[in-house]
Amino acid sequence: MRDRPPPTTTGPGLSRRAFLGRAAVLAASGLAAGACSYVGPGFSGTTHSSRTLTYWNLLGGGDGVRMQTMQAAYAKANPTVDLRPVTLTWGNPYYTKLSMATIGGQPPDVAIAHLTRLQALVPGGLLQTIEDADLDRHDMHPDDFVGTAWRQAHFDGKLYAIPIDTHPFVLYYNTDVAKKAGLLGDDGALAPIDDPDALVDALERAKRVTGGWGAAFSSTNDFATVWRLFYTLYSQLGGKVLEAGRVVLDDAKAEQVTTLMRRLTVDSQVAPAAMDYGGAVALFASGKAGFFLQGDWELPTFKDAKLPFDMRPFPTVFGQAATQADSHALVLPRLDRPDPERTDLALGFAKSLLDQSLTWAEGGHIPTWLPAQRSADYRRLKPQSNYVSVAEQVVYDPPAWYSGSGSSLEIEAGGAFGSVMGGRRSPAEGVARFRTGLDRLSSAPSPV
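Residues numbered from 1 in each chain as written. Predicted model: local features only at pLDDT ≥ 70, side-chain atom pairs only at ≥ 80, totals over all residues. Heavy atoms only, no water.

Enquirer: Would you explain the overall build of the chain in this entry?
Expert: Across its full length, the chain holds 18 helices and 16 strands. Taking all 448 residues of the chain together, 57% fall into the buried category. By element, 51% of the accessible surface of the chain is carried by carbon and sulfur atoms, the whole surface being about 17600 Å². (Helix = DSSP H or I, 4+ residues; strand = E, 2+ residues; numbered from the N terminus. Buried < 20%, exposed > 50% of the residue type's maximum accessible area, 1.4 Å probe, protein only. Areas by Shrake-Rupley, 256 points an atom, 1.4 Å probe, with all protein chains shown as cover.)

Enquirer: Please explain the environment of Val 394 as it appears in this structure.
Expert: For Val 394, the location among the structural elements is in strand S16 (residues 394-395). Residues within four places of Val 394 in sequence aside, it is in contact with Thr 148, Thr 166, Pro 168, Thr 323 and Ala 325. (Contact = heavy atoms within 4.5 Å.)

Enquirer: What should I look at first to understand helix H10 (residues 251-267) in this one?
Expert: Note: α-helices contain 3.6 residues per turn, so residues at a spacing of three or four share the same orientation. Under the 1.5 Å per step criterion, the end-to-end length of H10 is only 21 Å for 17 residues, more than 12% shorter than the ideal 24 Å. Buried within H10 are the following residues: Ala 254, Val 257, Thr 258, Leu 260, Met 261, Arg 262, Leu 264 and Thr 265. Residue Asp 250 occupies the N-cap position of H10, its side-chain oxygen lying 3.1 Å from the main-chain nitrogen of Ala 252. Note on H10: the residue one or two positions beyond its end, Gln 269, has a positive phi of about 55°. (Expected span 1.5 Å × (residues − 1). Polar contact = N/O pair within 3.5 Å; in protein donor to acceptor, adjacent residues only side chain to side chain.)

Enquirer: Would you mind going over the side chain of Arg 228 with me for this structure?
Expert: Along the chain, Arg 228 turns up in helix H9 (residues 223-236). For the buried Arg 228, no salt bridge is present, and the opposite-charge side chain at shortest range is Asp 222, 5.1 Å distant. (Lys, Arg positive; Asp, Glu negative; His and termini not counted. Salt bridge = Lys/Arg side-chain N within 4 Å of Asp/Glu carboxyl O.)

Enquirer: What is the right way to read the pattern of salt bridges from this model?
Expert: One side chain can pair with another of opposite charge once the charged atoms of both are near each other. Taken as a whole, this structure holds 13 salt bridges when the rule is applied. Notably, a salt bridge pairs Arg 84 with Asp 82, separated by 2.8 Å at the nearest N-O pair. The exposure class of Arg 84 is partly exposed, given its relative accessible area of 26%. The partner of Asp 336 in a salt bridge is Arg 334, and the shortest N-O contact between them spans 3.2 Å. In this structure Arg 334 comes out as partly exposed when scored by relative accessible area, which is 32%.

Enquirer: I keep staring at the packing of helix H2 (residues 61-77) against helix H13 (residues 340-355) and nothing clicks. Help me out?
Expert: Each packed pair of helices is defined by two parameters, the angle between the axes and the distance between the axes. Relative orientation of the contacting elements H2 and H13 amounts to 120°, with a least axis distance of 10 Å. Classified by the angle their axes make, H2 and H13 are oblique. Between H2 and H13 lies a crossing whose hand is right-handed. Between H2, through Met 67, Met 70, Gln 71 and Tyr 74, and H13, the contact on the second element is made entirely by Leu 345, Gly 348, Phe 349, Ser 352 and Leu 353. Split into classes, the residues belonging to the contact of H2 with H13 amount to 6 nonpolar, 3 polar and no charged. (Axes fitted to C-alpha atoms, helices over the stretch in contact; angles between N-to-C directions. Parallel < 35°, antiparallel > 145°, perpendicular 65-115°, else oblique. Left-handed = near helix turned anticlockwise from the far one by under 90°. Nonpolar A, V, L, I, M, F, W, Y, C, P; charged D, E, K, R; others polar.)

Enquirer: Would you mind showing me how to read the nonpolar core here?
Expert: Grouped together as the largest cluster of nonpolar side chains are 82 residues, with contacts concentrated most on Leu 53, Tyr 55, Tyr 94 and Ile 162. It is H13 that contributes the most residues to this core, 7 residues altogether. Of the domains in this structure, domain 1 (52-167 + 327-380) and domain 2 (168-325 + 398-443) are the two that each give at least three residues to this core. The next biggest cluster of nonpolar side chains, apart from the first, holds 53 residues, and it includes Ala 189, Val 257, Met 261 and Leu 409. (Core = buried A, V, L, I, M, F, W, Y, C linked by side-chain atoms within 4.5 Å. Domains from an automatic or database assignment.)

Enquirer: Looking at this model, I keep getting lost on the sheet that holds strand S6 (residues 162-163). Mind explaining?
Expert: The strands making up a sheet are joined through hydrogen bonds of the backbone, oriented either antiparallel or parallel. As summarised here, the arrangement of the 5 strands in space is S2-S1-S3-S14-S6, forming an open sheet in which the pairing is mixed. At either margin of the open sheet sits one strand with a lone partner, and together these are strand S2 (82-87) and S6. Bridge count between strand S3 (residues 110-114) and strand S14 (residues 328-331): 4 bridges; the pairing is antiparallel. Within S14, the residue paired with Ile 112 across the bridge is Leu 330. (Pairing = 2+ DSSP bridges.)

Enquirer: Any chance you could explain the packing of aromatic side chains here in plain terms?
Expert: Here a ring pair, both rings aromatic, is described through the centre-centre distance and the interplanar angle of the planes. This structure, assessed with the given rule, holds 23 aromatic pairs. Here Phe 145 and Trp 369 contribute two aromatic rings whose centre-to-centre distance is 5.2 Å and whose plane-to-plane angle is 65°, an arrangement assigned as edge-to-face. Separated by 224 residues along the polypeptide, Phe 145 in the loop between helix H5 (132-137) and helix H6 (147-152) and Trp 369 in the loop between strand S15 (366-367) and helix H15 (370-373) bring together distant segments of the chain. Judged by its relative accessible area of 4%, Phe 145 is buried. (Phe/Tyr/Trp six-rings, centres within 6.5 Å; stacked < 30°, edge-to-face > 60°.)

Enquirer: Whenever I open this one, the packing of H9 against helix H17 (residues 408-421) confuses me. Can you help?
Expert: Running from N to C, H9 and H17 cross one another at 80°; their axes reach a closest spacing of 7 Å. Comparing their axes, H17 and H9 come out roughly perpendicular. Residues Phe 223, Ala 224, Val 226, Trp 227, Leu 229 and Phe 230 of H9 form the contact with H17, whose own contacting residues are Leu 409, Glu 410, Ile 411, Ala 413, Gly 414, Gly 415, Phe 417, Gly 418 and Met 421. Taken together, the residues that form the contact of H9 with H17 break down as 11 nonpolar, 3 polar and 1 charged.

Enquirer: Mind showing me how you'd approach the confidence of the model for the chain here?
Expert: Regions with low pLDDT should not have their predicted coordinates read in detail. In this model, the chain carries a mean pLDDT of 89, and residues with pLDDT of at least 70 account for 89%. For residues 1-49, every residue scores under 50 in pLDDT, and the model assigns this stretch 111 contacts once sequence neighbours within four places are set aside. (pLDDT = per-residue confidence, 0-100.)

Enquirer: Looking at this structure, I do not really get a negative patch on the surface. What am I missing?
Expert: On the surface, Glu 131, Asp 132, Asp 136 and Asp 139 cluster together into a patch of negative charge. Turning to its location among the elements, Asp 136 is positioned in helix H5. Its relative accessible area of 46% is what places Asp 136 among the partly exposed residues. (Patch = residues over 30% accessible without salt bridge, like charges linked within 9 Å, V, L, I, M, F, W, Y side chains within 5 Å. Charge placed at Lys NZ, Arg CZ, Asp CG, Glu CD.)

Okay, structure coming up:
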């Protein structure tokens, strides 16, 4: 719904033909990320009423439920603000619609974006900068945030986002299985796993206990999980994929990583060589796999299943602590004319969500708001606080317009390395295919 008809132009200097052409390129480029359900209207462009706040997000499942709770709390505390939230499909539909709405002069006032997507959104002129004075008015300061996420929220030295979480790739384990397999230390927690052999050994011991699998993770029709596993291990070797826009993939390190990935599935057979996302979740939830490799967001699933489990940072098996992650953040899509009241409403909403970080953390994500993360209440939140240390060790996807959550880069990696894990390619062949895809993407111009 709109309070007024859409404008007849698409913004200064942008003709209807140019707008439609740019939008078509955006839609074809894969400028986005992967899968929640669509709930709400498509374009509900921003109103210019000072007390109306339009908010777009891409949060479904448990995240969506928690966000609705937080929205309700904001609405109750701010009865004079007409909050209008819209949830769109996670992935290409979301980022394409957000980009098109902004180009067309009718963006939402505030929106969720992954920090890894700033590399595409900022160069396209789609986001408003957030100034120090804006933060000060709402009692938000740089040292209130986790440093890695705060740095990632900048582009060319300017702040474009308020990060609300870090969601890393983590290791889930069935505590009953781990105990029977002799994998717990004297403190009752998982004993250290510090090299590839130790990882395979732990999964083999868990497999003997379950009679099924040592670990469950998805490698079929799930490019993102394959990428997360690869980039975590590759980063532990100190490997870089891109640097200053150039492909700097280290083939030897990449092959070392993919050899281990294949070892887990084809060679040692401690994890299924062909498994989709839902199947991997079901295996772990049913106790038929001792470990589960995924982002932290499946925590509520296993709590609901009454599974005896714990979570830890993904093991450092290649020497250097590093874990792939992304962050949800709040951004202010750009308007042609600055609107200070709109900025203050949006940042007030952002501060309200930060103040509710413990609600958000119930879903598994690590709060980037340090007053919440350092609180006694968060330390009591288990198993969430067991992996909080990883927030300062995470690596975000390499900077490029085709990179980020659910992006073309992830699709290329998932296709190349998923085939290695399925036994259809050798590690060297998988790396060669990934390099070919990277070369193609890096030579293509940004669509915005």
